[in-house]
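Here's the letter readout for the chains.
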Amino acid sequence: MQAKWISKKELKKLLTAWTKHYLVYAPIDNDHELAFQMVKEPARIVVDGYSNTRYPAKSLFLPQSEVLMKYDGILHSVENTEKEKILFGIRPCDAHAMQLLEHALVDVENPDLYWKQKRESAIVISKACIAPEETCFCTAVGGSPFNTADSDVLLVEMGEDYCVYVLTEKGISLCKELPDAEDTQLQAVKKLTKKVVGRMPVLLPKQELHNALMASFETEFWKDVSQSCLGCGVCTFLCPSCFCFDIVDETVRKERVRNWDTCMFRTYSLEASGHNPRPTKVERTRQRIMHKFAYWVDLIDEIGCTGCGRCVKYCPVNIDIREIAEKALHREFEGMKK
Amino acid sequence: MKNCYEPFPMHIERIVIETTDTTLKSFELTFDREADRKDFFVKYNPGQFCQLSIFGKGEAPIGIASAAWEGDFVRFTVQKLGKFTSAIHAMHVGDPIGMRGPLGNGFPLDKWKGMNILVIGGGCAFSTLYAMTKHILHPSHRADYAEITALYGTRNSGLCLYKPVIEEWHNRNDIVVHQAIDVPEDNWKYHIGFVPAVLEEMAPKPDNTVAVLCGPPVMTKFTLPILTKLAFPPERIYTSLEKRMKCGVGHCGRCNIGHKYVCKDGPVFTLKELQELPNEI
């Protein structure tokens, strides 16, 4: 890892220079809603003063709707036209989620080539959170506002400058012109890191939580926590680590398409016979929480939630995944046996 | 590198109407491309399934009902039930169709060598058991296994699949076949009653025996306790599960039970494996 330094003014110049050689995707303000978009005018990039985009960065690699194949009597895969691109300004929680998605979609035998090609063609410049929101809890699930996982470069805003951590070969190629950070500057970054992290929630005991959730499976606990759920699915659509998709045929366009899907919908698991293993919101809410905090732990010994807080922030009825985890940890389900 | 979502082109070679009510048909598909045929038969293990694909109707996961030695085709027995299965039921010999597979794990036939095999099937779920039994009965495989016993139940005799072959099995001396129907019929020579009750009456010995069970959920639910009562240990009771599926390769999310995906880690599980997972079948 190298530590470099750049002023805010110089970074703007650098961003403009990059747009000449790369496709750059960055947060752009669209009527008060931040979204990752391809940069046409570098001046519109929102670099500071926000906590996160509404849509997670996964949408650039696993788009909400994506053409997989075209039909002309038989189905042909669409050609890979991915160009090298820079993804600028992604938060550490979203970068961490990309590692989880990589695990879910890319296995040795059947890699998801659509994801893989997009991911491999991207240089990820993430930005540390110096002012996490009230809904942020990355530290509770094993992350940090300064986490470097799955990033090539990490920027830390330091007054009128940024400290630039260069983490990979890809990152070095972009930042080789920048001067090294001085020791006093690095000490200031360390101090800031400590201060910000110190205000964040403490780490959840992942195995204890896993065991508690497994024990809660057949109790009335889930009826209780899902009571107010409307089944809108926003928690999963905006989740950076949710990856479920549907495959549908668009007969007019003659295309086979994949669209984001959600375990919060009835038809998601409804079988042709009429049987549904998750017939109500009780089982569906249980699936969402268990997948994040129990099944991921079974699979890779990591929690499958990155603590971005979007599901908390955007839930129309204020269902809070942190509260559910806490309640499970405190074994509130005991005495709620069916 | 191969795109795991792209079906390969096949054609319908033969269609057999299996049941008197015509809701079940078998489709034998042949490969348009030699490379796909080779790839399929290198991988295929009885108990696996494929995603069949009709553009405009989507895809559906269907169990493979043929043994590899039967020829260069793949058989699927399909019940007419939803949009996709109604569309395939309306298709004709010579029509093109897409296919992805074989998918899933299949039955651990190597592990069962030297053992007795008790096959228990109900209704249209008998298809992959049929493929497995055919595989085992082939002269080059039969000696690898001890006694083979099959119990196959259907609501009535007209709903029995693969009638000519099962009739032939009754006359073989290397397999014992028990057939059952739910209510009496004229000229019916075999058992009358539901599969769990007939199984209890048969009282097969659990020693050195694996029980392989495929049927509708209600049959499975009542047959498992009988097997347990007959002292079959959970690690020697196998069953094949169904779920709604899309990708078939463990990416799209929907077919999970706990941290296992039925498409990738199954569809074949032992009762012991299922007991260790959340109860969400």
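Residues numbered from 1 in each chain as written. Chains lettered and ligands numbered in written order. Predicted model: local features only at pLDDT ≥ 70, side-chain atom pairs only at ≥ 80, totals over all residues. Heavy atoms only, no water.

S.K.: Where do I start with the overall build of chain B in this structure?
M.R.: Summing up its helical and strand segments, chain B has 9 helices and 15 strands in all. When the backbone C-alpha atoms are referred to their principal axes, chain B occupies close to 50 × 45 × 35 Å. Counting across all 281 residues of chain B, residues that qualify as buried make up 59%. Taking contacts inside chain B between residues at least 6 apart in sequence as the whole, the part at least 24 apart equals 69%. Roughly 11700 Å² of accessible area belongs to chain B as shown, and the carbon and sulfur atoms make up 54% of that amount. Of the charged side chains in chain B, 31 are positive and 31 negative, and the gap between their average positions amounts to 5 Å. (Helix = DSSP H or I, 4+ residues; strand = E, 2+ residues; numbered from the N terminus. Buried < 20%, exposed > 50% of the residue type's maximum accessible area, 1.4 Å probe, protein only. Contact = heavy atoms within 4.5 Å. Areas by Shrake-Rupley, 256 points an atom, 1.4 Å probe, with all protein chains shown as cover. Lys, Arg positive; Asp, Glu negative; His and termini not counted. Charge placed at Lys NZ, Arg CZ, Asp CG, Glu CD.)

S.K.: Any chance you could explain the domain arrangement of chain A here in plain terms?
M.R.: In many analyses, interface size is given as the accessible surface area lost on bringing the parts together. All names here are of chain A. The domain architecture assigned to chain A consists of domain 1 (2–198) and domain 2 (206–329). In this structure, domain 1 and domain 2 have C-alpha centres spaced 26 Å apart. Between domain 1 and domain 2, the contact holds 38 residues from the first and 35 residues from the second. For the pair domain 1 and domain 2, the two sides together bury roughly 3300 Å², of which 61% comes from carbon and sulfur. When residues of domain 1 are sorted by the area they lose upon contact with domain 2, K58, L100 and F137 head the list and together hold 19% of the total. (Domains from an automatic or database assignment. Buried area = accessible area lost by both parts, 1.4 Å probe.)

S.K.: Quick question: what am I supposed to make of the side chain of T270(B) here?
M.R.: Among the structural elements, T270(B) can be located in strand β15 (residues 268–270). What T270(B) contacts, discounting residues up to four positions off in sequence, is P234(B), E235(B), I237(B) and Y238(B).

S.K.: Is there a simple way to explain the nonpolar core in this structure?
M.R.: Soluble globular proteins tend to pack their nonpolar side chains together in the buried interior. Among the nonpolar cores identified, the biggest contains 44 residues, and L87(A), I90(A) and Y5(B) are the most heavily contacted of them. Those elements that place two or more of their residues in this core are β4 (65–71), β6 (85–90), α2 (92–105), α3 (113–120), β7 (122–127) and β10 (245–250) of chain A together with α8 (262–265) of chain B. In terms of residue count, the dominant contributor to this core is α2(A) (6 residues). Sequence-distant contacts of L87(A), defined by excluding residues within four places in its chain, comprise Y25(A), F36(A), A57(A), L60(A), F61(A), I123(A), V124(A) and I125(A). (Core = buried A, V, L, I, M, F, W, Y, C linked by side-chain atoms within 4.5 Å.)

S.K.: Looking at this structure, how should I read the domain arrangement of chain B?
M.R.: All names here are of chain B. Along its sequence, chain B is organised into domain 1 (8–103) and domain 2 (116–240). A straight line from the C-alpha centre of domain 1 to that of domain 2 covers 24 Å. Counting residues at the interface gives 20 residues for domain 1 and 15 residues for domain 2. In this assembly, domain 1 packs against domain 2 so that about 1400 Å² is buried in total across both faces, 65% of it on carbon and sulfur atoms. In terms of surface lost to domain 2, no three residues of domain 1 exceed E18, P46 and W69, which account for 36% of the buried area on that side. Counting across the interface, domain 1 meets domain 2 through 1 salt bridge. Salt-bridge contacts for K134 lead to E70; the nearest nitrogen and oxygen are separated by 2.9 Å. The interface formed by domain 1 and domain 2 holds 6 residue pairs in polar contact (both at pLDDT 80 or more) in total. Elements represented by at least two residues in the side of domain 1 that touches domain 2 include exactly β2 (24–31) and β5 (73–79). (Salt bridge = Lys/Arg side-chain N within 4 Å of Asp/Glu carboxyl O. Polar contact = N/O pair within 3.5 Å; in protein donor to acceptor, adjacent residues only side chain to side chain.)

S.K.: Is there a simple way to explain the interface of chain B and chain A in this structure?
M.R.: Across the boundary between the two partners, chain B contributes 36 residues, which contact 48 residues of chain A. Each partner contributes to the roughly 3500 Å² buried at the junction of chain B and chain A, and carbon and sulfur atoms together form 57% of this total. When the area that chain B buries against chain A is broken down by residue, the three leading residues are Y5(B), F55(B) and H251(B), summing to 22%. On inspection of chain B and its partner chain A, the count reaches 5 salt bridges.

S.K.: Would you take a moment to explain the sheet that holds strand β4 (residues 58–63) of chain B for this structure?
M.R.: Hydrogen bonds between backbone atoms are what pair the strands of a sheet, whose relative direction is either parallel or antiparallel. All names here are of chain B. Pairing in this open sheet of 6 strands is antiparallel, and the strands run β4-β3-β6-β1-β2-β5 from one edge to the other. Looking at strand neighbours, the two that pair on one side only are β4 and β5, the edges of this open sheet. The average angle at which neighbouring strand axes cross in this sheet is 40°, direction not considered. (Pairing = 2+ DSSP bridges. Axes fitted to C-alpha atoms, helices over the stretch in contact; angles between N-to-C directions.)

S.K.: Any chance you could explain the sheet that holds strand β10 (residues 191–192) of chain B here in plain terms?
M.R.: All names here are of chain B. Pairing within the open sheet is mixed, and its 7 strands lie in the order β10-β9-β8-β7-β11-β12-β15. Taken across any chain shown, the strands that pair with only one partner, and hence form the sheet edges, are β10 and β15. Relative to strand β9 (residues 176–181), strand β8 (residues 148–154) runs parallel, the two sharing 6 bridges. Within β9, the position partnered with A150 by the bridge is V177. Lying on the sheet, helix α3 (residues 127–137) is in contact with β7 (116–122), β8 and β11 (209–214); it crosses β7 at an angle near 150°. Contacts between helix α6 (residues 195–202) and the sheet are confined to β7, β8, β9 and β10, with β8 contributing the most and set at about 150° to the helix.

S.K.: In this structure, what is going on with helix α1 (residues 8–21) of chain A? I would like to understand it.
M.R.: Quick reminder: α-helices carry 3.6 residues per turn. Residues three or four places apart thus point the same way. Residue and element names in this part refer to chain A. Taking 1.5 Å of rise per residue, 14 residues should cover 20 Å, and α1 covers 21 Å from first to last C-alpha, within 8% of that figure. For α1, the set of buried residues is K8, L11, L15 and W18. All buried residues of α1 lie within an arc of 65° about the axis, which places them on one face of the element. Residues of α1 that are exposed and angled more than 90 degrees away from the buried face: K9, K13, K20 and H21. (Expected span 1.5 Å × (residues − 1). Arc of directions from axis to C-beta.)

S.K.: How do you make sense of the environment of S127(B) when you look at a structure like this?
M.R.: Residues and elements named next belong to chain B. By secondary structure assignment, the location of S127 is in helix α3. Given the relative accessible area of 7%, S127 is considered buried. Along the backbone, S127 and D110 are 17 residues apart, and their C-alpha atoms lie at a distance of 20 Å. Discounting residues that sit within four places of it in the chain, S127 has contacts with I64, A65, T77 and Y162.

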